[in-house]
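# Report on the structure
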Protein chains: 2
Amino acid sequence: MSLLHPQLAAFAAVLDEGSFEGAARRLSLTPSAISQRVRALEDRLGQVLVRRGSPCQATAAGRQLLRNVQQMRLLEAEALQDVARAPGGPRAIAIAVNADSLATWFLPALAALHAGHGLLFDVRVEDQDHSARLLRDGTVLGAVTADARPVQGCTVRRLGTMRYLPAASPGFVARHFPAGPDAASLGRAPLLVFNRKDALQERFIRRITRARLAPPRHYLPSPAAFLEAMALGMGWGMAPESMLRGPMARGELRAIGAGRLDVPLYWQHWSIRSAALAQLTAALRAAAAQGGLRAARAQS
Amino acid sequence: MSLLHPQLAAFAAVLDEGSFEGAARRLSLTPSAISQRVRALEDRLGQVLVRRGSPCQATAAGRQLLRNVQQMRLLEAEALQDVARAPGGPRAIAIAVNADSLATWFLPALAALHAGHGLLFDVRVEDQDHSARLLRDGTVLGAVTADARPVQGCTVRRLGTMRYLPAASPGFVARHFPAGPDAASLGRAPLLVFNRKDALQERFIRRITRARLAPPRHYLPSPAAFLEAMALGMGWGMAPESMLRGPMARGELRAIGAGRLDVPLYWQHWSIRSAALAQLTAALRAAAAQGGLRAARAQS
């Protein structure tokens, strides 16, 4: 049962699932029924809402509509919960999160809300530029991000600070940094970089030298693989202190020098009144505090 | 007619023919036009590419460029940018890999090639649809994928089979599957799904029941987070046997019933002659065999 107009429900399901077939499965309809509803909605609004493809994606007009629909669905889910447990289960809450948060402190918050309230989550792993877009177009309800600038219509809350340390395998340190990191060694030692937007390693280098270095580099966009590559001696990199603790205690990795970088993290979410959102915000703040983020400063 | 940039076409023709005069003949230009184009290319890249002589030969930088000429036919602009970005230094080899391979057997191959030959890697984590596009447009040189259909211009090699088991936390199994998985329990128990393209859970369900089930579901697109969410009791899911071994031995996870799914994995790469590519292919096959992929069948 849904309080949404069937055309809106079909439209939203196509974008959720990425295909007309997926939407049909979810709503227990045929793909052709889904297609008719979406087309009828497009006729009514005089706009193409869904770019058919693999996956199907929202057009600009569709994104605008989706944002409204997502808010309606959240309120609907709560309204239904108040009346009765929604048949077919409650709806998944879409959230974006940066990869290092997901790899460290983030999940216990979701697990607690799932256990306590049966909430479901649709998690997207995105860098901050992309998560701002997802917030803007209503694909996600909130995002954990290093970006303090509020997206229009959103509230920003500081969660705490993630500390990064430069580290490598003991053999790598002995070979490349016998006298610690300096301009010469940092210019030669292979570097691990998460992706094109990861500037942490370069920020660390600039603290040590003003020379413009171009060390050889690998790109490895997975937190777990990043640490594994460090342990395998492929390069040095900046990794979250909380992820380094175990490998350092086991002697698989060690810090390079005494440097570190602190990255503040934020929870951006839509400014709407919703019990689920309030629970999520509280759970994320608690998990951030317990899971290794350093305390937010007084300004938060 | 060549799709190469005229400067690249002139450069390649000089090396093919061994002289500026021969290149001029082949391209129906004057030797001085050929010479201007080669010099303009060298200026753009900041490298001497051709050692003038009888015959003309490629310098080290020129050999590197020549090796990639086939890719540049499709991607000349990006390829030129790549070469220009890495003056002198070795170029990173761009590869796409599916997330579960990166989380299990993949990295030791790259670490061995880095240690032995100083190769650098630009790794992209992509599902198979996206990696086919990256292969087609030349962004990556090769891809580990579950897709056996060769991309045009590519060679496909079977690496082995990744086995997936359905698993959950012991508490979750006791609560949702006291009598094993059946249509009733599978219809109610919360499900973990990697992303919209992850059909493994549904394939497993279809083996047990023909009923069309719509269980509540989370989406969690990170292999490590997927296992953590299972251990935290958020749902059951299909995970690689090799990732489950540790958590199962520690009692954090257990299998649901005796079912399993075997997913064949392939290495698709450009059909070009390249020493680095040959080394990479050999290293990946070895790592796949050692790292838990089941042996490829005779047809591979």
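Report on the accompanying structure. Computed from a predicted structure; not experimentally measured. (Residues numbered from 1 in each chain as written. Chains lettered and ligands numbered in written order. Predicted model: local features only at pLDDT ≥ 70, side-chain atom pairs only at ≥ 80, totals over all residues. Heavy atoms only, no water.)

## A look at the packing of helix α1 (residues 6-17) of chain A against helix α2 (residues 20-27) of chain A
Residues and elements named next belong to chain A.
- At a minimum axis distance of 7 Å, the contact between α1 and α2 shows a crossing angle of 120°. Comparing the axis directions of α1 and α2 gives the class oblique. As α1 runs across α2, the sense of the crossing is right-handed. On α2, the residues touching Ala9, Ala10, Ala13, Val14, Asp16 and Glu17 of α1 are Phe20, Gly22, Ala23, Arg26 and Leu27. (Axes fitted to C-alpha atoms, helices over the stretch in contact; angles between N-to-C directions. Helix = DSSP H or I, 4+ residues; strand = E, 2+ residues; numbered from the N terminus. Parallel < 35°, antiparallel > 145°, perpendicular 65-115°, else oblique. Left-handed = near helix turned anticlockwise from the far one by under 90°. Contact = heavy atoms within 4.5 Å.)

## Here we look at the nonpolar core
- With 73 residues, the main nonpolar core has A:Leu220, B:Trp105, B:Phe106, B:Leu110, B:Phe121, B:Trp236 and B:Leu280 as its most contacted residues.
- The element best represented in this core is helix α14 (residues 275-290) of chain B, accounting for seven residues.
- Beyond its immediate sequence surroundings of up to four residues, B:Leu280 is in contact with B:Ile93, B:Ile95, B:Leu110, B:Leu113, B:Phe121 and B:Trp267.
- Core analysis: the next-biggest nonpolar cluster, separate from the first, contains 72 residues, A:Ala94, A:Val151, A:Met162 and A:Trp236 among them. (Core = buried A, V, L, I, M, F, W, Y, C linked by side-chain atoms within 4.5 Å. Buried < 20%, exposed > 50% of the residue type's maximum accessible area, 1.4 Å probe, protein only.)

## Some remarks on the interface of chain A and chain B
- Listed per partner, the contact involves 36 residues of chain A and 35 residues of chain B.
- For the pairing of chain A and chain B, the buried interface totals around 2900 Å² over both sides, and the portion due to carbon and sulfur atoms is 62%.
- There are three salt bridges connecting chain A and chain B.
- Residue B:Asp122 pairs with A:Arg196 through a salt bridge whose shortest N-O separation is 2.7 Å.
- There are 13 residue pairs in polar contact (both at pLDDT 80 or more) connecting chain A and chain B.
- The set of elements that each furnish at least two residues to the side of chain A that touches chain B consists of α1, α6 (107-117), β4 (120-125), β8 (217-219) and α11 (223-231) of chain A.
- Residue contributions to the side of chain A that touches chain B peak at six residues, all from β4(A).
- Each residue belonging to the side of chain A that touches chain B can be placed in one class, and the counts come to 21 nonpolar, seven polar and eight charged. (Buried area = accessible area lost by both parts, 1.4 Å probe. Salt bridge = Lys/Arg side-chain N within 4 Å of Asp/Glu carboxyl O. Polar contact = N/O pair within 3.5 Å; in protein donor to acceptor, adjacent residues only side chain to side chain. Nonpolar A, V, L, I, M, F, W, Y, C, P; charged D, E, K, R; others polar.)

## Here's the deal with the side chain of A:Asn98
Residue and element names in this part refer to chain A.
- Of note, Asn98 is situated in the loop between β3 (92-97) and α5 (99-103).
- Looking at Asn98, the relative accessible area reads 15%, which means it is buried.
- If sequence neighbours within four positions are ignored, Asn98 has contacts with Glu126, Val144 and Leu265.

## Re unusual backbone geometry
All names here are of chain A.
- Note the cis peptide between Ser54 and Pro55, where omega equals 0°.
- Looking at the secondary structure, you find Pro55 in the loop between β1 (50-51) and β2 (57-58).
- A positive phi angle, near 55°, is found at Ser28, a position not held by glycine.
- Within the fold, Ser28 resides in the loop between α2 and α3 (31-45).

## Brief notes about the pattern of salt bridges
Residue and element names in this part refer to chain A.
- Under the definition given, this model contains 20 salt bridges over all chains.
- The partner of Glu17 in a salt bridge is Arg26, with the nearest N and O atoms 2.9 Å apart.
- You can call Glu17 buried: its relative accessible area is 14%.
- Since its relative accessible area comes to 29%, Arg26 is described here as partly exposed.
- One salt bridge in this structure joins Arg163 and Asp262, with 2.8 Å as the shortest N-O distance. A residue pair is termed long-range when its members are at least 10 positions apart, and Arg163 in strand β6 (residues 154-168) and Asp262 in strand β11 (residues 261-270) qualify at 99 residues.

## Overview of the environment of B:Cys154
Residues and elements named next belong to chain B.
- Structurally, Cys154 can be placed in strand β6 (residues 154-168).
- Taking relative accessible area as the criterion, Cys154 reaches 12% and is therefore assigned buried.
- Along the primary structure Cys154 and Leu135 are separated by 19 residues, whereas in three dimensions their C-alpha atoms are 8.1 Å apart.
- When residues no more than four places from it in sequence are discounted, the contact partners of Cys154 are Leu135, Gln268, His269, Trp270 and Ser271.

## Observations regarding the pairing of β3(A)
Residues and elements named next belong to chain A.
- For β3, the buried fraction is high: five of the six residues fall into the buried class.
- Inspection of the sheet shows β3 paired to β4 by six bridges, in the parallel sense. Directly across from Val97, in β4, lies its bridge partner Val125.
- Alignment of β3 against strand β5 (residues 142-145), held across three bridges, turns out to be parallel. Looking at β5, one finds that Ala96 is bridged to Ala143. (Pairing = 2+ DSSP bridges.)

## Regarding helix α2 (residues 20-27) of chain B
All names here are of chain B.
- Those residues of α2 that fall on the buried side of the exposure criterion are Phe20, Gly22, Ala23 and Ala24.
- Contacts from the buried residues of α2 go to α1 (6-17) and α3 (31-45).
- Positioned one or two residues after α2, Ser28 has a phi angle of 55°, which is positive.

## So, the packing of α6(A) against helix α13 (residues 275-290) of chain A
Residue and element names in this part refer to chain A.
- The geometry of α6 relative to α13 is characterised by a closest axis approach of 8 Å and an angle of 135° between their N-to-C directions. Compared by their axis directions, α6 and α13 come out oblique. The crossing of α6 and α13 is right-handed. Counting all contacts with α6, which are made through Ala109, Leu110, Leu113 and His117, the residues of α13 involved are Gln279, Leu280, Ala283, Leu284 and Ala287.
- Residue composition of the contact of α6 with α13, grouped by class: seven nonpolar, two polar and no charged.

## Some points on the side chain of A:Thr209
- Assignment of secondary structure puts A:Thr209 in the loop between α10 (200-208) and β8.
- Take A:Thr209: its relative accessible area is 10%, and that puts it in the buried class.

## A short note on α13(A)
Residue and element names in this part refer to chain A.
- Here α13 spans 23 Å end to end across 16 residues, near enough to the 22 Å set by a 1.5 Å rise per residue.
- Residues of α13 that are buried: Ala276, Leu277, Leu280, Thr281, Ala283, Leu284, Ala287 and Ala288.
- Near the N-terminus of α13, the side chain that reaches the backbone nitrogen of Ala276, with its oxygen 3.3 Å away, is that of Ser274. (Expected span 1.5 Å × (residues − 1).)

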